[in-house]
Each structure stands twice: as structure tokens, then as C-alpha cells.
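As a plain string of letters, each chain reads:
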Amino acid sequence: MFKILVGEYIDDEAISHLKEAKDIKVDVKIGIKREEILDIIQDYDALIVRSVIKVDKELLDRAKNLKIVGRAGNGVDNINIPEATAHGVIVANTPDSNTVSACEIAIGLMIASARNIVSANNFIKSGKWEREIFVGNELFEKTLGIIGLGRIGSLMAKRMKAFGMNLIAYDPYISDEIFKRNGCKKANTLDELLKKSDVITIHTPKTNETINIINSENISKLKDGVRLVNAARGGLFNEEAVAEGLRSGKIASFGYDVHSVEPRSECVLYEFENAIATPHIGATTYEAQRNVGTQVVKQVLNGLHGEIVETA
Ligand code: MLT
């Protein structure tokens, strides 16, 4: 009998599928506190997480029976992969399963920021009516800078091409062919993208190279009135620096789904009407969760039963 701990929300059907599997006992403890996981993890053969639970050395040291961590989603920055490997624990993520949803929320934040949709909504619901204070910008014929032209960045390029945007992308890890295929001009340096873009969206993992990639120094290189979007990972944009940019008017708007600390109830950006935030819901769609759930369950069951664990 294998024991699986589900520590963050995944699709109900995926849980039912796990429960029906042979030789499996499932404990669903959505929102489990760290202290509790550390206390009980030695009892489990598999752990399913999203982006909140930190699978670090401390947890892995205690996880004497753990064989596989299923990461229901894309980024693995909450998992210490070298430590997991050293502990003989497989880590399986589901990189393709929620890319469309992640891309769509970034587009949503971009449009909502450019057209003041959130503040106009709040305004009208307070019983007032005005139009002149909500003058926005069209995206048409503006230059969109895409940092990271991987799975989600490529989807973004295809979709925003249809909006009539000019596309420039920076990604030192992909071939010229991919830039061409996605209709993007290649920025040879990050600086080139920063200087040329009217709107910037980021789609990179969180690594030592990308943490704080948008910082005070880089913000000073941006066009005046630039619009920024981050639906990738908290910490890629330095929040203090973005707040300063919003305060000075250098940055016209910031749409963000991800936060330097999650969950949280306070942020230096909350005071700005033109910084609109969502609570890391990029992958929170029925479609993405169904895809993610189906894939992560298959991976975990395969891993426990000694079969091949596919990740894409
Ligand atoms: C992802 O990395 O795929 C998402 O951020 C997962 C999540 O929604 O927690």
C-alpha cells in the first residue's frame, strides 16, 4: 500500500482517480501548515504540491519513505531538485498543462491595465459615472517585449500578433528559428528589449539569473509610460523598484498575478490604482486544473508503480 499526501488544491476528478487506484491511500490536506507536513511526511510515499509548499532539504530529510513529488504545474522553484535527487526522490512537473491559462491571465492583466478596467469597475460600482478619467492606450501597433520565449512566451507572441502588436523577445537560450517562427524580432540583449518596448511581459522560470531582473537600474532604461506584466513568478520584478516607477510616473501600469511573498495580505504596490493584482490564479481555470490533475496523478501512480514518469 502506497500513501499519497495531496497538500494543495488539484482537480476533484484527479483526486477521485487517485482514490480509485489499487494499492493507494490518499490523504487530502489542502492548505496544510508547514509544521504539520514536517511532522507527518515520513508516513508518505508521494507528495502532490503546487507552488506554495516548499519541498526543501528540511522536508526531504524527514521524508524517509518519499519516492516522488508531483508538482501540479509548471515552475519548480519551490522544489530543491538537487536535494530531491540526492534523496532519491523523483520530481515530476506538468509543464504543458496550464500554459494557455497562464498566457491568458497575462493578456488579461495587460488589457485590464491598458484600459483601466479594474479602477473603472470600482468607480462605477461606487455609484459614480465619468469617462475622461479613464483614458487608456490601445495595444495595436505598440511594441510588446517578451522576456522568455519558451512555452508560454511563444503562446503570448502568437496571440498578441493578432492584436497587431510589434513583437520583440529576449531569450538567450533558444534558437533564431523559434524567434522567426513566433514572428518576434530577436533582442540580442535585455537592454535592447527594455529600451524598445511599450509593454513588457515576462515568461521565465525563477532562477538566480531572473530574480530581480526588473530592478531600479533596468527600470531607468525603460521608455516613459511603459506598461509591465508579470504572471510568471513573484520576485522577478523588484516590487519596491516597481512601486518607485509607478510613483514617478515612469511606469504607466503594472499587472501582476505573482508576488514576492505568497500568500500575503500587504504589499508596497497595493496603494497604486494602476497596479492591478490577482492572487496567483494564472493556472486556476477548470481546463488547466483538469489537465494538470490528470497528468500529475498519472505521473505519481507511474512513479510509485515503477513505470516511466513522463513530464511533457
Ligand atoms: C505553475 O507554476 O504552473 C503555477 O504557478 C502553479 C500554481 O498555480 O500553483
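Treat the numbers as computed from the prediction; the structure is a model and nothing was measured.

Trainee: Describe the site of the ligand, naming the residues involved and giving the relevant values.
Mentor: Around the ligand, the neighbouring residues are R50, S51, R71, G73, N74, G75, N98, R233, H280 and A283. Take R50: an N or O atom from its side chain is 2.8 Å from an oxygen atom of the ligand. Residue H280 places a side-chain N or O atom 2.7 Å away from an oxygen atom belonging to the ligand. Considered on its own, the ligand offers 270 Å² of accessible surface; in the complex 92% of this is hidden by protein. Among the residues forming the shell around the ligand, the class breakdown is one nonpolar, six polar and three charged.

Trainee: An account of the packing of aromatic side chains is needed here, citing residue identities and associated values.
Mentor: Aromatic rings considered in pairs are described by the distance between their centres and by the relative angle of their planes. On inspection of all chains with the given rule, the structure shows three aromatic pairs. Pairing F237 with F254 gives two aromatic rings, centres 5.5 Å apart and planes at 15°, and the pair type is stacked. With F237 in the loop between strand 10 (226–230) and helix 11 (239–248) and F254 in strand 11 (residues 251–256), this pair connects stretches of sequence that are 17 residues apart. By relative accessible area, F254 is classed as buried at 2%.

Trainee: Give a description of the packing of helix 5 (residues 99–114) against helix 7 (residues 151–161) that names residues and reports values.
Mentor: Relative to each other, helix 5 and helix 7 sit at 50°, their axes nearing to 9 Å. Taken together, helix 5 and helix 7 sit at an angle that is classed as oblique. For helix 5 against helix 7, the interelement crossing comes out right-handed. Across from T99, V100, A102, C103, A106, I107 and M110 in helix 5, the residues of helix 7 making contact are R151, I152, L155, M156, R159 and M160. Partitioned by chemical class, the residues of the contact of helix 5 with helix 7 number ten nonpolar, one polar and two charged.

Trainee: Quick one: what's the story with the sheet that holds strand 4 (residues 68–71), residue by residue and with numbers?
Mentor: Two pairing modes exist for strands in a sheet, parallel and antiparallel, and in both the strands are linked by backbone hydrogen bonds. Spatially, 2-1-3-4-5 is the arrangement adopted by the five strands of the open sheet, whose pairing is parallel. Edge positions in the open sheet fall to strand 2 (24–28) and strand 5 (90–93), since each of these has one partner strand only. Each strand of the sheet is rotated relative to its neighbour by a mean of 15°, with strand direction disregarded. Examined bridge by bridge, strand 1 (residues 2–6) and strand 2 share five bridges and lie parallel to one another. In the sheet register, K3 faces strand 2, and the bridge partner there is K25. With respect to the sheet, helix 1 (residues 12–20) is in contact with strand 1, strand 2 and strand 3 (46–49), its orientation differing from that of strand 2 by roughly 145°.

Trainee: Any chance you could break down the environment of P263 for me, citing the residues and the numbers?
Mentor: Mapped onto the fold, P263 is located in the loop between strand 11 and strand 12 (275–277). Owing to a relative accessible area of 68%, P263 belongs among the exposed residues under this scheme. Placed 62 residues apart in sequence, P263 and T201 show a C-alpha to C-alpha distance of 22 Å.

Trainee: If you had to explain the pairing of strand 3 to someone new, which residues and values would you point to?
Mentor: The alternating pattern of strand 3 places A46 and I48 and L47 and V49 on opposite faces, both of which are buried. Relative to strand 3, strand 1 is paired through three bridges, and the arrangement is parallel. Residue L5 lies in a different strand from strand 3, and its bridge partner there is L47. The sheet contact formed by strand 3 and strand 4 spans four bridges and is parallel. Looking at the pairing, I48 lines up with G70 of strand 4. Taking the sense of rotation as the criterion, the β-α-β connection linking strand 3, helix 3 (residues 57–62) and strand 4 turns out right-handed.

Trainee: Just give me the short version of the domain arrangement of the protein chain, but keep the residues and values in it.
Mentor: Each assigned domain of the protein chain is listed here: domain 1 (2–97 + 285–304) and domain 2 (99–277). The centre of domain 1, based on its C-alpha atoms, is set 31 Å off from the matching centre of domain 2. Summed over both sides, the interface of domain 1 with domain 2 buries roughly 700 Å², with 40% coming from carbon and sulfur. The largest per-residue losses of area from domain 1 upon contact with domain 2 belong to D77, P95 and D96, which jointly make up 52% of the total buried on that side. Counting across the interface, domain 1 meets domain 2 through two salt bridges. Our count for the domain 1 to domain 2 interface comes out at four residue pairs in polar contact (both at pLDDT 80 or more).

Calculation rules
- Residues numbered from 1 in each chain as written.
- Predicted model: local features only at pLDDT ≥ 70, side-chain atom pairs only at ≥ 80, totals over all residues.
- Heavy atoms only, no water.
- Near = heavy atom within 4 Å.
- Polar contact = N/O pair within 3.5 Å; in protein donor to acceptor, adjacent residues only side chain to side chain.
- Areas by Shrake-Rupley, 256 points an atom, 1.4 Å probe, with all protein chains shown as cover.
- Nonpolar A, V, L, I, M, F, W, Y, C, P; charged D, E, K, R; others polar.
- Phe/Tyr/Trp six-rings, centres within 6.5 Å; stacked < 30°, edge-to-face > 60°.
- Helix = DSSP H or I, 4+ residues; strand = E, 2+ residues; numbered from the N terminus.
- Buried < 20%, exposed > 50% of the residue type's maximum accessible area, 1.4 Å probe, protein only.
- Axes fitted to C-alpha atoms, helices over the stretch in contact; angles between N-to-C directions.
- Parallel < 35°, antiparallel > 145°, perpendicular 65-115°, else oblique.
- Left-handed = near helix turned anticlockwise from the far one by under 90°.
- Contact = heavy atoms within 4.5 Å.
- Pairing = 2+ DSSP bridges.
- Right-handed = clockwise from strand over helix to strand, strands pointing away.
- Domains from an automatic or database assignment.
- Buried area = accessible area lost by both parts, 1.4 Å probe.
- Salt bridge = Lys/Arg side-chain N within 4 Å of Asp/Glu carboxyl O.

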